[in-house]
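If you want the building blocks of each chain, they are given just below.
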Amino acid sequence: MSEKENFYKSVYKIAVPVTLQSLLMALLNLTDQLMVGQLGDVAIASVGMSTKIYGIIAVVLAGLSTGVSIYAAQFWGNKDSKSVSQVLGLGLIVGFAFSFLFSAAVFIDSPLFLSMFTTDANVIDNGYIFLQIMSIGFVPVMLTMMYSAILRSTGHAKWPMYVSLIAVVLNIILNYVLIYGNFGAPALGLKGAAIATLISRVIECLLIIGAVYRYRLPGAVGLKNLFIIPKPLIRKFFGTTYPLLLTELIWVLGETAYAIIYSRMGTMEMTAMTITFPLQGLCIGLLSGLASAAGVLVGNRLGANETDIALDHAKKFIRLGIIISLIVGVIIAAGSKLYVSAFNISEDAKQMSIYIVIVFAGFLWAKVSNMIIAGGILNSGGDSKFVFSMESTATWLIGVPSGLLLSYVWKQPVYLVYLVISLEEVVRFGFGYARIYSRKWMRNLVNDLAEKAM
């Protein structure tokens, strides 16, 4: 098999499972919203507020699992399976400490956490039990994310996908049974939705860990090999990971700022933006597998000291992302009227939404390229400090200020505000693309740590 054929086969092996898993999670979120939506406005708001609180731990765990992925991919490329297990152990220790403490705090005083996001007494009174039950699942979620990160980084991406499929189906079935009281079960309403989610997350966690040890996948080692971690690895890991956590935080704050900008422009403007979010999420989810594959394959090559091949892979991923996203963008733009017509909103809001969808389609290539460059390629070489600088500069020196000026000072329509804000993606692409060709990001993070025990 030629190098080119081997490359695309590897991309397919990693990108497709990750993409399908993203779509499965999107399906689960949509199904949850539809089922809970039958319980009324308070129930929907309660779930929404609880999701915001869950988002806090999700951001931290996402940054941590990315750090685990970076080192696992390089150790695997360096044929050092012992260190792969050690970096998993490090992720589990840090992840458990944070998720357990956060889970305990939320469980003990759920109303306090809800009151940070809403003053509605009905939402707090009805939602606290939902959040309290959900908090029990924070540790299982952490375990699932850490083991999934290891499996994807070592080329075993199909296992997290299989487990997610089972968890999604189980969650939907349990929602149907416990929310509405079908098959002889009591109708528990919002509490039933929380129990269904908790059971699904626990089962998902047990299945992913069970698969690792049953089939002797990477990470299937005893406690001694898992939790005895060399100090040099600890220092390097945290040096790479803390900028990842800051980047996740900057992203969340940026998205919150954009949401405030759009919502303050008016109800119709916010409605027009909101109905495009599912489409945007679907498109990004469809192409998220490319970023994961880039991080793994480029990281493997860097760990093996094959820098020229790593750079070649990076260029191929960027080209592939641009080509696919341009095709998808044209399809989205062409179908914008059809998509918007599915919503029962005013004609003015529909026209605004069409313009917003077209703008999104026009910038999709930049969004996907940045996801591949920053989230996949640059991070694979431990260039997380540059990524943090690039992301924070683009968001807070270009995106947010321009959005504020156009919306509050110059009173421009929402689609024009969105277009100018989206220009930050092009700026970010320029910085990231230049960084790729500078080769400054190409670092073997594990050469001095490798123990070649494979």
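Structure shown above.
The structure presented is a predicted model; accordingly, all values stated were derived computationally and were not measured. (Residues numbered from 1 in each chain as written. Predicted model: local features only at pLDDT ≥ 70, side-chain atom pairs only at ≥ 80, totals over all residues. Heavy atoms only, no water.)

Participant: Would you mind going over the packing of helix H3 (residues 81–108) against helix H5 (residues 121–135) with me for this structure?
Facilitator: Packed helices, taken two at a time, are described by their axes: the angle between them and the distance between them. Packing of H3 against H5 leaves a shortest axis separation of 8 Å and a crossing angle of 155°. Considering their axes alone, H3 and H5 lie roughly antiparallel with respect to each other. In terms of crossing hand, the pair formed by H3 and H5 is left-handed. Where H3 approaches H5, its residues Ser 103, Val 106 and Phe 107 are matched on the opposing element by Leu 131, Gln 132 and Ser 135. Residues of the contact of H3 with H5, tallied by class, amount to 3 nonpolar, 3 polar and no charged. (Axes fitted to C-alpha atoms, helices over the stretch in contact; angles between N-to-C directions. Helix = DSSP H or I, 4+ residues; strand = E, 2+ residues; numbered from the N terminus. Parallel < 35°, antiparallel > 145°, perpendicular 65-115°, else oblique. Left-handed = near helix turned anticlockwise from the far one by under 90°. Contact = heavy atoms within 4.5 Å. Nonpolar A, V, L, I, M, F, W, Y, C, P; charged D, E, K, R; others polar.)

Participant: What exactly am I supposed to notice about the environment of Ser 65 here?
Facilitator: Along the polypeptide, Ser 65 turns up in helix H2 (residues 41–77). For the pair Ser 65 and Leu 92, spaced 27 residues apart in the sequence, the C-alpha separation amounts to 9.5 Å. Leave out the neighbours within four places in its chain, and Ser 65 touches Met 145, Met 146 and Ala 149.

Participant: Help me understand the packing of aromatic side chains in this model?
Facilitator: The relation between two aromatic rings is expressed through the spacing of the ring centres and the mutual angle of the planes. If you walk through the whole model with that rule in mind, you get 19 aromatic pairs. Centroid distance Phe 7 to Phe 317: 5.1 Å. Interplanar angle 70°. Geometry classified as edge-to-face. In this pair, Phe 7 is assigned in helix H1 (residues 3–37) and Phe 317 in helix H13 (residues 307–334), connecting sequence segments 310 residues apart. For Phe 7, a relative accessible area of 1% gives the class buried. Measuring from centroid to centroid gives 5.5 Å for Phe 96 and Phe 100, while their planes differ by 15°, and the two rings are stacked. With a gap of 4 residues between them, Phe 96 and Phe 100 both fall in helix H3, about one helical turn apart. Given the relative accessible area of 42%, Phe 96 is considered partly exposed. Ring pairs connect the aromatic residues Tyr 54, Phe 98, Phe 102, Phe 113 and Phe 138, which therefore count as one cluster. In this arrangement the basic side chain of Lys 316 is found over the ring face of Phe 7, its NZ or CZ atom lying 5.1 Å from the centre. The ring centre of Phe 386 lies 4.3 Å from the NZ or CZ of Arg 435, which sits over that ring. (Phe/Tyr/Trp six-rings, centres within 6.5 Å; stacked < 30°, edge-to-face > 60°. Buried < 20%, exposed > 50% of the residue type's maximum accessible area, 1.4 Å probe, protein only. Lys NZ or Arg CZ within 6 Å of the ring centre and 35° of its normal.)

Participant: Looking at this structure, I do not really get the pattern of salt bridges. What am I missing?
Facilitator: Where charged atoms from two side chains of opposite charge approach closely, those side chains can pair. In total, this model carries 11 salt bridges according to the counting rule given. Between Lys 367 and Glu 425 there is a salt bridge; the shortest N-O distance is 3.6 Å. With Lys 367 in helix H15 (residues 347–380) and Glu 425 in helix H17 (residues 414–438), this pair connects stretches of sequence that are 58 residues apart. Each member of the salt-bridge network shares a partner with another, and the members are Lys 367, Glu 391, Glu 424, Glu 425 and Arg 428. (Salt bridge = Lys/Arg side-chain N within 4 Å of Asp/Glu carboxyl O.)

Participant: Sorry, what's going on with helix H8 (residues 190–214) here?
Facilitator: A rise of 1.5 Å per residue sets the reference length of H8, with its 25 residues, at 36 Å; its end C-alpha atoms lie 36 Å apart and thus fit the reference within 8%. One or two residues past the end of H8 sits Arg 216, with phi positive at roughly 50°. (Expected span 1.5 Å × (residues − 1).)

In short, geometric facts, not functional conclusions.
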